[in-house]
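# Summary of structural features
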Amino acid sequence: MNALTRPQKTSKAKVEIRPSTCPHDCPSTCALEVERIDARTIGRVRGAAENGYTLGTICAKVARYAERVHHPDRLMHPLVRVGAKGSGRFERIGWDAALDLVAEKFLAAEARHGSEAVWPYYYAGTMGLVNRDGINRLRHAKKYSGFHSTICVSLADAGYIAGTGRKAGVDPREMAHSDLIVLWGTNAVATQVNVMTHATQARKARGAKIVVVDPYRNPTAKQADIHLMPRPSTDGALACGIMHVLFRDGLADWDYLRRYTDAPEELAQHLKSRTPQWAEAICGVPAAEIEAFARLYGSTKRSYIRLGYGFSRARNGAAQMHAALCLPAVTGAWSVQGGGALYNNGAIYHWDKTLIEGLDARDPAIRMLDQSRIGPVLTGDRRDLGSGPPVTAMLIQSTNPASVAPELDKVRAGFLREDLFVCVHEQFMTETARLADLVLPATTFLEHDDLYQAGGHTHIQLARAVIEPPGECRSNHDLIQALAKRVGARHLGFDLSAWEIIDRTLKLSGWPGGAELAEARWHDAGPDFRTAHYLDGFAHADGKFRFKPEWKAMGPLGDRLPALPDHCPIHDAATPERPFRLITPPARGFLNSTFTETPTSQRQEDKPVALIHPEDLAALGIADGAAARLGNDRGAVTVAVKAFDGLRRGTVVVEGIWPGGAFQGGIGINRLISADAAPPNGGAVFHDTAIWIRPA
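What comes next is a walk through the structure. (Residues numbered from 1 in each chain as written. Predicted model: local features only at pLDDT ≥ 70, side-chain atom pairs only at ≥ 80, totals over all residues. Heavy atoms only, no water.)

## With respect to the side chain of Asn-400
For the record, the criterion: A helix here means a DSSP run of H or I that spans at least four residues, while a strand means a run of E at least two residues long, and both kinds are numbered starting from the N terminus. Any pair of N or O atoms that falls within 3.5 Å is considered a polar contact. Within protein, one atom must be able to donate a hydrogen and the other to accept it, and sequence-neighbouring residues count only if both atoms are side-chain atoms. Contact between two residues is taken to exist if any of their heavy atoms lie within 4.5 Å; hydrogens are not considered.
Structurally, Asn-400 is set in the loop between strand E15 (393–397) and helix H19 (401–404). At 3.2 Å, the side chain of Asn-400 forms a polar contact with the side chain of Ser-593. Those residues within four positions of Asn-400 in sequence are excluded, and the remaining contacts are Thr-430, Glu-431, Thr-432 and Ser-593.

## Some details on the layout of surface pockets
The criterion, for reference: Throughout, the protein atoms alone are placed on a 1 Å grid, and a set of points is a cavity if a 1.4 Å probe fits but cannot get out or a pocket if it is open with protein on both sides within 12 Å along at least five of seven lines; lining residues have an atom within 4 Å of a point. Grid points are joined across faces, edges and corners, and a volume is the space filled by probe spheres set on the points. When residue character is reported, Ala, Val, Leu, Ile, Met, Phe, Trp, Tyr, Cys and Pro are called nonpolar, Asp, Glu, Lys and Arg charged, and the others, Gly included, polar.
By volume, the second largest pocket amounts to about 390 Å³. Grouping the amino acids of the lining of the second largest pocket by side-chain chemistry returns nine nonpolar, three polar and seven charged.

## With respect to the packing of aromatic side chains
Each aromatic ring pair is summarised here by two numbers: the centre-to-centre distance and the angle between the ring planes. Keep this limit in mind: Only centres within 6.5 Å qualify two rings of Phe, Tyr or Trp (six-membered ring in Trp) as a pair; their planes then separate them into stacked at under 30 degrees, edge-to-face at over 60, and tilted for everything else. Cation placement over rings: the criterion is NZ of Lys or CZ of Arg within 6 Å of the ring centroid and within 35° of the ring normal.
Counted under the stated rule, the structure contains 20 aromatic pairs. A centroid spacing of 6.3 Å and a plane angle of 50 degrees characterise the contact between Trp-119 and Phe-147, whose relative ring orientation is tilted. With a gap of 28 residues between them, Trp-119 in strand E7 (residues 118–122) and Phe-147 in strand E8 (residues 146–148) connect regions that are remote in the sequence. Residue placement shows Arg-68 over the ring face of Phe-595; its charged tip is 5.8 Å from the ring centre.

## Some points on the sheet that holds strand E19 (residues 459–463)
To keep it simple, the criterion reads: Here, any two strands with at least 2 DSSP bridges between them count as paired. Each axis is a line fitted through C-alpha atoms, and for a helix only the stretch in contact is used; angles between axes span 0 to 180 degrees, taken between their N-to-C directions.
Read from one edge to the other, the open sheet built from three strands follows the order E18-E19-E20, with strand pairing classed as antiparallel. Sheet topology places strand E18 (450–453) and strand E20 (522–524) at the edges, where each strand pairs with a single neighbour. Put simply, the sheet's adjacent strands are angled 15 degrees from each other on average, direction ignored. Where E19 lies against E20, three bridges are found, and the strand directions are antiparallel. Of the residues in E20, the one forming a bridge with Ile-460 is His-523.

## Some words on the pairing of E18
In terms of strand pairing, E18 meets E19 through four bridges, oriented antiparallel. Looking at E19, one finds that Gln-453 is bridged to Ile-460. Counted between consecutive antiparallel strands, the loop separating E18 from E19 contains five residues.

## Points about the packing of helix H5 (residues 135–142) against helix H22 (residues 476–487)
Selection rule: Here is the rule for angles: anything less than 35 degrees is roughly parallel, anything more than 145 is roughly antiparallel, 65 through 115 is roughly perpendicular, and the remaining ranges are oblique. Each crossing is labelled by how the near helix is turned from the far one, with a counterclockwise turn of less than a right angle marking it left-handed and a clockwise turn marking it right-handed.
Contact geometry of H5 with H22 gives a least axis separation of 9 Å together with a crossing angle of 15 degrees. Accordingly, the angle class assigned to the pair H5 and H22 is roughly parallel. Crossing angle aside, the handedness with which H5 passes H22 is right-handed. The segment H5 lies against H22, with Ile-135, Arg-137, Leu-138 and Lys-142 engaging His-477, Ile-480, Gln-481, Leu-483, Ala-484 and Val-487.

## Side note on the packing of helix H10 (residues 235–248) against helix H14 (residues 287–298)
At a minimum axis separation of 9 Å, H10 and H14 run at an interaxial angle of 60 degrees. Viewed along their axes, H10 and H14 adopt a mutual orientation that is oblique. Every pair of crossing elements has a handedness; the one defined by H10 and H14 is right-handed. In contact with Leu-238, Gly-241, Ile-242, Val-245, Leu-246 and Arg-248 of H10, H14 contributes Ile-290, Glu-291, Phe-293, Ala-294, Tyr-297 and Gly-298. Classifying every residue of the contact of H10 with H14 by side-chain character gives eight nonpolar, two polar and two charged.

## Quick notes on the pairing of strand E22 (residues 609–612)
With four bridges joining them, E22 and strand E24 (residues 635–643) adopt parallel strand pairing. Paired with Ile-612 across the bridge in E24 is Ala-643. Relative to strand E25 (residues 651–654), E22 runs antiparallel, the two sharing three bridges. Each residue of the ladder has a partner; that of Leu-611, found in E25, is Val-653.

Quick look at the structure:
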């Protein structure tokens, strides 16, 4: 018995401390230690102090995970709809009958319209590779419609890879050697608490400055030494204004540029007209602030830029990410310890996902449907369906599109179609579950085995079940295995347990096996210093960082993006009819629509609120604390307003993905968000919305 499983006495009861891994949609993927009270009960959850990235610190949401695991509203039994669609009226049904019903509906859809009429739909309610991605094994084996994953990272991925050629960067633990840390497009206090742990340690140990680039004064900006506050969708202009100063004032590293980049002279010439004054006119950051930050950045070689997912929320997001990423290439910060950039380390793991996803059964001729355009897909938009059949059957796991997807009115209308069968596998009766025909109870991460990679650091982790599932809850993996047999899907992966898939996938991918990883608790997959810093060349064929990305090769919409870093004016610009720009960043107490059901998060967040500049409120004739209508041609919502001077005039912030019931009319803030696909290859545009505001 090792130290982690040895029973420990507390003042209340004997508990065991069990290792686990946070499964939620956060790059931190924290290493956890969980109090196991008995076979069905947990206590507190803590960060693992021995993990070099987690360092014992986790967010408050997960620390109080017992609220979620033992919530009285957990789904415990399969439920079949007995009332009208959307009525929320269900009655209990047995698992065998439920699975038979799903199989019957899927096979009927396939027989009538072909296999593409079935659309398995999922996302990141768990980041466990087996329980998140196993649904693709069913998809590929049965030739169901493909799933173009666009709702979160596609735009930021494209912008980063456009420059470096690979989704990998500098180990975040190198912040300990940084003299300047720039957090751009991430509210780390709310969404990546460990980033703040490492940044503040660098500030204490070596006087490192922390700079935050974000459209409003969020909790991370409040802890910064400098806050640059651009208008939404204008980060590219800000980046160009900074680079103008770097070249103009001799702060560019020409030796590095000539060795490691593709077109430095062309970039320098291009930027001559992108002055701080030009940038100020677009982004709103005063030219003096741009000048001061550029001098600080250019004179600080050990400068680390932590790029976040905020870039992935605007039509020009890929271009903005690329423009910000160009800064360390101009100064050569990549060449030193504590310098360079990180967005996500997803490329370092080289997984063989054949068993998990059934990649050997994938048919590239099967159509791909855009996850973010679920509303248009379900309401029959031929731009999405092409010449193929309508979607008439769905299995939804680990996501809540009736809350989190764009164009919620269309999403709801699609789900209410009488010819559409929807099975939702969930932990709670979410808005999507209420619209379903069949609801199946799902385990939490503490009740099943799974394998995890990190985006924000370099560790591979796995987690064994800590407690037994309550009621009749089953894991995503178990559901997929059982359903596969009923619909006639064949693949080796359907004959293996979750643990067998974990063990074989690790070994096939060149990593330690399951038993070895479980004993070690985590495996550091980080590359060596030269690889992480691209000192032997970037991951393009010529080894060069690309100032001139091959956008057209990255997707069908690539020709909408600029040849060199620039402001890309393709966003939903303010107009006289819609003079305000809305962004919907995460609330600290929620994680997308997760944790909206836990009592402490509900008390902390209270209600949806629109943060609006006091001068804008005065011009509108709306009092602080009053209700206001926010709207555009997609609809309107009513929310309380709060006077807030921590943003630029014309910018409006509504934090969090609240349930529709928190709004009059029962539909949430995403009814205002467009489902437009952003270049180069699709992506949701949650922070790119022009609206009007009126008194309620």
